[in-house]
Amino acid sequence: MRLCDHLELTVGFCTETGPHRKLNEDTILVQPPMFIVADGMGGHDDGQRASTVAVEELKKLGSRPSVEDVRDALARGRHQINAMKIASKRRAAGTTISGMVFVEQNGWPYWLVVNLGDSRTYRVVNGKLEQVSVDHSEAQELIDAGKMASSALRDYPRRNVITRVLGARTVEDPEYWMIPVEGDQRWMICSDGLTSELDDALVAHIVTQPIPAQQVVDELVAAAMTAGGRDNISVIIVDVKKAAHPPEEETIEDLQWGKGVWD
Amino acid sequence: MRYLPGQWFGIICSAGCVALPPQTSHELAVSLWAGLKQGENFPQIMQRIVNDSGVSLTLAPSFALALFEDSSVHVAVRGDLYVEVKTPSGPVRIDGSKITTWREEIIVDPQGLTLVTNSQAEDAFYWPLYEGVARVSVIEMAGPPTIPSADMAAASVVKPATPPAVPSPPAQAVVPPPAVPAGANARAPVDEPQTPAEENLAPRDDHVTLMPDDMQADNSSQAEPEAVQADSSPGLGQVAAYGVLPGDDGQSADDEDDPHHTTLYRSFFEEPGAPDSSQADGSTVPHRAIQQVSQPEQSPEDLDDHDGMTVMSVPGPAVSEPASEEPKDLAAAAFFALTGPQPPSDPSAAPQGPPASPMAAQPAPSPSSAVTMVSARICVGCGTPNSTRLMYCRTCDATLEGDAVQIPRPVLGRVRLPNGEVRSIDQPMVIGRRPEAARFSNADIPALITVDDSHISGTHLRVDLEDWSVMVTSLGRNGTILRRKGKPDRRLTDGQQELARNGDVFFLSKDLTMTIEELV
């Protein structure tokens, strides 16, 4: 699929209930320019509905949403989740959100990375898998505070405790990143059903293989299922490729302070 | 305590205060008075307010509730009114407008609070009030009850040197007659030296947990010097309203290894700090999530939910003794009755009667998350908002007087970019060849300014707004030269941050500059 004049995307995705769950509380959105994983939580089917509500709000955005559009859509999603009639008497309904939205800033293409909770967005940089989003989890806060090594995260008994979420009767807002869209990038978005089952090293190994996006997704999901598959597993892989006309050559000409002015 | 007369009902007691709109029934006002006097806790008082409106959230009245709890104040505001709490690190405002439910926060170390309704003040003068119910426009309270005592008589004979090692329940405590108006530091000075530092400064209160250290940086830097050196945990001004894990009870905040001094989830109807669930769990808090699985009464869905899956960090409502279950369930039922029936866009969600409040109208993003507020003093002469640092108005030089108010942050100045473009400094900016912005929130969405020149870094300079100040951070590989009037040129290296001054010229490369102009 084509995102704009110069970029071509290949996307692989999968969301899998897993052998131990009755419901898939994850909802994914693969609708260019948006690629989102939402991992719902709550009793009964509340979590499933919460993640769906959030994604539905994003889905309504047109093909060229702005940062503000995304922000407002998520605020509406949060509002709806908080107003939702929920089945569980014990647990509030909420959802994580992680992923990326293609936006333009002053004519430049950007990925707006959005995150709330412990689903994750990664990118491959120089052959290495790098987590862009920062978890809103108890474990991450310990790491940030220097009280725990990031390598100890998977063994932390309360690694599933998150500190911020969309909904759950809170007014938390997501955090954002703006990353320039460049050719030949690979991105991965996933729910914690993947990352809590698999070693970082194994995930990185699979993702950085030079194989098509859907094949990467299939391998990741299969590995997570083999490892236990205790939670729902959702993965989106987005491969960004430069199309025929690389953006640099043209845009430099467009800029009023192009090279000639300064040299 | 004192108040400005108005139309609202102010129910005021040493433990805290409640404000309710003019149409409030006599029964409700009296019931709240009774509740406050009996020393009811926050959820109990909230239940009185909320239950009165029946089942629909849209029928619930606007209200403000502020209840002192040990070393903090627990505030809830619904509707077009606000509570401002004075803290060592500055005022914190809890504004209830434009929210469907209510805004709730716990503020640590309150030194007085002001509750402002939307009712016209009917008198220009404050009237003193010790306790009681009055028709108010504004309520000011000096601070938390500081001397544990059963009644006024006892209060007068308490030896000032008695350290309040174990604060008594709020309702039994009595505030000494405020010698100074609310807003001045009304903490009994005698408390300070005798009380061990960690008791005084750390939120030992069960209801509050520390934010992670990095999030406290701002507060700690502004805290009074004694607060900083007295305790390794920075003195907190504000902690958002979060529930707490049962294991926190009684643990001191300077316990470096305690994994639970982190942000946890808010949970309105949990009785914060109720000991029930910790008893159920024993002391092995880290295994709570696992232990919940073994609770026999749990439904299969709930079992699934705890099996390695994401959970929120609220005290587990699933584990509680039958004895303590009841009040929780009542409160929970009240909440669900409230949140259930009305879709957000329902036209009946309009507020009932006066005060006309925009709340519940549209699911708009909360303004507090998108607009940054700053403390300002408004010039009486020309109306210009001024930084609270200034003694004279920046426009007309008139002497600035009066209390600071919270206003949306004005434009702080202008910046002249390498391409000649001049921008107002009203949002953060990131400047570079292909600038990247990391980890920002709704309130600080940056402008990304692309300067396509091979001599500068992909992400080279960042301009941030902090309160009334403009900060410039050099992020580029080669650094940035700062040319400041009257000073030799200086190279800012990676990550170095500089408080911008008028006329500062930042050289991104030999020829590319960014100039700061017209700072307020």
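Note that the structure is predicted; figures quoted are calculated from it, not measured. (Residues numbered from 1 in each chain as written. Chains lettered and ligands numbered in written order. Predicted model: local features only at pLDDT ≥ 70, side-chain atom pairs only at ≥ 80, totals over all residues. Heavy atoms only, no water.)

Caption draft 1: Spatial organisation of the overall build of chain A. Helices and strands together make up the secondary structure of chain A, namely 8 helices and 14 strands. Counting every position in chain A, which comprises 263 residues, the buried fraction comes to 63%. Nonlocal contacts in chain A, meaning residues at least 24 apart in sequence, comprise 70% of its contacts between residues at least 6 apart. By element, 49% of the accessible surface of chain A is carried by carbon and sulfur atoms, the whole surface being about 9,800 Å². (Helix = DSSP H or I, 4+ residues; strand = E, 2+ residues; numbered from the N terminus. Buried < 20%, exposed > 50% of the residue type's maximum accessible area, 1.4 Å probe, protein only. Contact = heavy atoms within 4.5 Å. Areas by Shrake-Rupley, 256 points an atom, 1.4 Å probe, with all protein chains shown as cover.)

Caption draft 2: Focus on helix 5 (residues 200-207) of chain A. All names here are of chain A. For helix 5, every residue scored as buried is listed here: Val 203, Ile 206 and Val 207. Axial view of helix 5: buried residues confined to an arc of 95°, hence all on one face. Buried residues in helix 5 make contact with strand 8 (120-125), strand 9 (128-131), strand 13 (185-190), helix 6 (213-226) and strand 14 (233-242). (Arc of directions from axis to C-beta.)

Caption draft 3: Region of interest: the confidence of the model for chain A. Counting all residues, the mean pLDDT for chain A is 87, and 90% of those residues have values of 70 or more. Under a pLDDT of 50 for its full length, residues 246-263 of chain A has, in the predicted model, 20 contacts with residues more than four places off or in other chains. (pLDDT = per-residue confidence, 0-100.)

Caption draft 4: Focus on the packing of helix 1 (residues 26-37) of chain B against helix 2 (residues 42-51) of chain B. All names here are of chain B. Relative to each other, helix 1 and helix 2 sit at 175°, their axes nearing to 10 Å. It follows that helix 1 is roughly antiparallel to helix 2 by the angle criterion. In this structure, helix 1 uses Leu 28, Ser 31, Leu 32, Gly 35 and Leu 36 to contact helix 2, whose residues at the interface are Ile 45, Arg 48 and Ile 49. Residues of the contact of helix 1 with helix 2, tallied by class, amount to 5 nonpolar, 2 polar and 1 charged. (Axes fitted to C-alpha atoms, helices over the stretch in contact; angles between N-to-C directions. Parallel < 35°, antiparallel > 145°, perpendicular 65-115°, else oblique. Nonpolar A, V, L, I, M, F, W, Y, C, P; charged D, E, K, R; others polar.)

Caption draft 5: View of the nonpolar core. Core analysis: the largest hydrophobic core is formed by 34 residues, its most contacted members being Ile36(A), Leu58(A), Val70(A), Leu74(A), Ile97(A), Leu112(A) and Met178(A). Of all elements in the fold, only strand 4 (34-41), helix 1 (46-59), helix 2 (67-83), strand 6 (97-105), strand 7 (108-116) and strand 12 (175-180) of chain A together with strand 19 (437-440) of chain B reach the threshold of two or more residues within this core. Apart from residues lying up to four places away in sequence, Val70(A) is in contact with Leu58(A), Leu61(A), Pro65(A), Val101(A), Leu112(A) and Tyr176(A). Formed by 28 residues, the second largest nonpolar core is a distinct cluster that contains Val415(B), Leu417(B), Leu508(B) and Met514(B). (Core = buried A, V, L, I, M, F, W, Y, C linked by side-chain atoms within 4.5 Å.)

Caption draft 6: Structural context of helix 6 of chain A. Residues and elements named next belong to chain A. The first and last C-alpha atoms of helix 6 sit 20 Å apart over 14 residues, in line with the 20 Å expected at 1.5 Å per residue. Residues of helix 6 that are buried include every one of Ala 213, Val 216, Val 217, Leu 220, Val 221, Ala 223 and Ala 224, and no others. Seen from one end, helix 6 has its buried residues packed into an arc of 160°, which puts them on one side. For helix 6, the elements touching its buried residues are strand 2 (7-16), strand 13, helix 4 (192-195), helix 5 and strand 14. Of the residues trailing helix 6, Gly 228 is marked for its positive phi of about 145°. (Expected span 1.5 Å × (residues − 1).)

Caption draft 7: Broad picture of the environment of Ser137(A). Residues and elements named next belong to chain A. As for its position among the elements, Ser 137 is in the loop between strand 9 and helix 3 (138-144). Those residues in contact with Ser 137 that lie beyond four places of it in its chain are Val 161, Ile 162 and Thr 163. Among the polar contacts listed, one links the side chain of Ser 137 to the backbone nitrogen of Gln 140, at a separation of 3.0 Å. (Polar contact = N/O pair within 3.5 Å; in protein donor to acceptor, adjacent residues only side chain to side chain.)

Caption draft 8: Expanded view of the pattern of salt bridges. Following the criterion strictly, the structure yields 31 salt bridges over all chains and no others. Ionic pairing is found between Glu175(A) and Arg164(A), a salt bridge with its closest N-O pair at 4.0 Å. Of this pair, Glu175(A) sits in strand 12 while Arg164(A) is found in the loop between strand 10 (161-162) and strand 11 (166-167), placing the two residues 11 residues apart along the sequence. Between Arg462(B) and Asp464(B) there is a salt bridge, with the nearest N and O atoms lying 2.9 Å from each other. The exposure class assigned to Asp464(B) is buried, which follows from its relative accessible area of 14%. (Salt bridge = Lys/Arg side-chain N within 4 Å of Asp/Glu carboxyl O.)

Caption draft 9: Structural detail: the pairing of strand 9 of chain A. All names here are of chain A. Summarising the sheet, strand 8 and strand 9 pair through 4 bridges and their orientation is antiparallel. For Arg 123, the partnering residue across the bridge sits in strand 9 and is Glu 130. Linking strand 8 to strand 9, which pair antiparallel, is a turn of 2 residues; within it Asn 126 sits at a positive phi near 50°. (Pairing = 2+ DSSP bridges.)

Caption draft 10: Representation of the state of the cysteines. Residues and elements named next belong to chain B. Overall, the coordinates contain 0 disulfides over all chains when judged by the stated rule. There is no disulfide at Cys 382, and the cysteine sulfur nearest it, in Cys 393, is 3.5 Å away. Classification of Cys 382 as partly exposed rests on a relative accessible area of 37%. Cysteine Cys 396 shares no disulfide, and the gap to the nearest cysteine sulfur, in Cys 379, comes to 3.5 Å. (Disulfide = S-S within 2.5 Å.)

Caption draft 11: Examining the sheet that holds strand 15 (residues 405-408) of chain B more closely. All names here are of chain B. In space, the 3 strands of this open sheet follow the order 14-13-15, with antiparallel pairing throughout. Each end of this open sheet is capped by a strand with a single partner; those strands are strand 14 (385-387) and strand 15. Averaged over neighbouring strand pairs, the angle between their axes works out to 65° when direction is ignored. As judged from the 3 bridges shared by strand 13 (residues 373-378) and strand 14, these two strands associate in the antiparallel manner. Counterpart to Arg 377 in the pairing with strand 14 is Asn 386.

Caption draft 12: Spatial organisation of unusual backbone geometry. A cis geometry characterises the amide bond from Pro32(A) onward to Pro33(A), with omega recorded as 10°. Although it is not a glycine, Asp109(B) sits at a positive phi angle of roughly 55°. Mapped onto the secondary structure, Asp109(B) falls in the loop between strand 7 (103-108) and strand 8 (113-116).

Caption draft 13: Structural view of the packing of helix 1 of chain A against helix 2 of chain A. Residue and element names in this part refer to chain A. Where helix 1 meets helix 2, the axes come as close as 8 Å, and the angle between the chain directions of the two elements is 150°. Overall, the two elements helix 1 and helix 2 adopt an arrangement that is roughly antiparallel. Considering only the axes of helix 1 and helix 2, their crossing is right-handed. Where helix 1 abuts helix 2, its residues Ala 50, Val 53, Ala 54, Glu 57 and Leu 58 lie against Val 70, Ala 73, Leu 74, Arg 76, Gly 77, Gln 80 and Ile 81. The class makeup of the residues in the contact of helix 1 with helix 2 is 8 nonpolar, 2 polar and 2 charged. (Left-handed = near helix turned anticlockwise from the far one by under 90°.)

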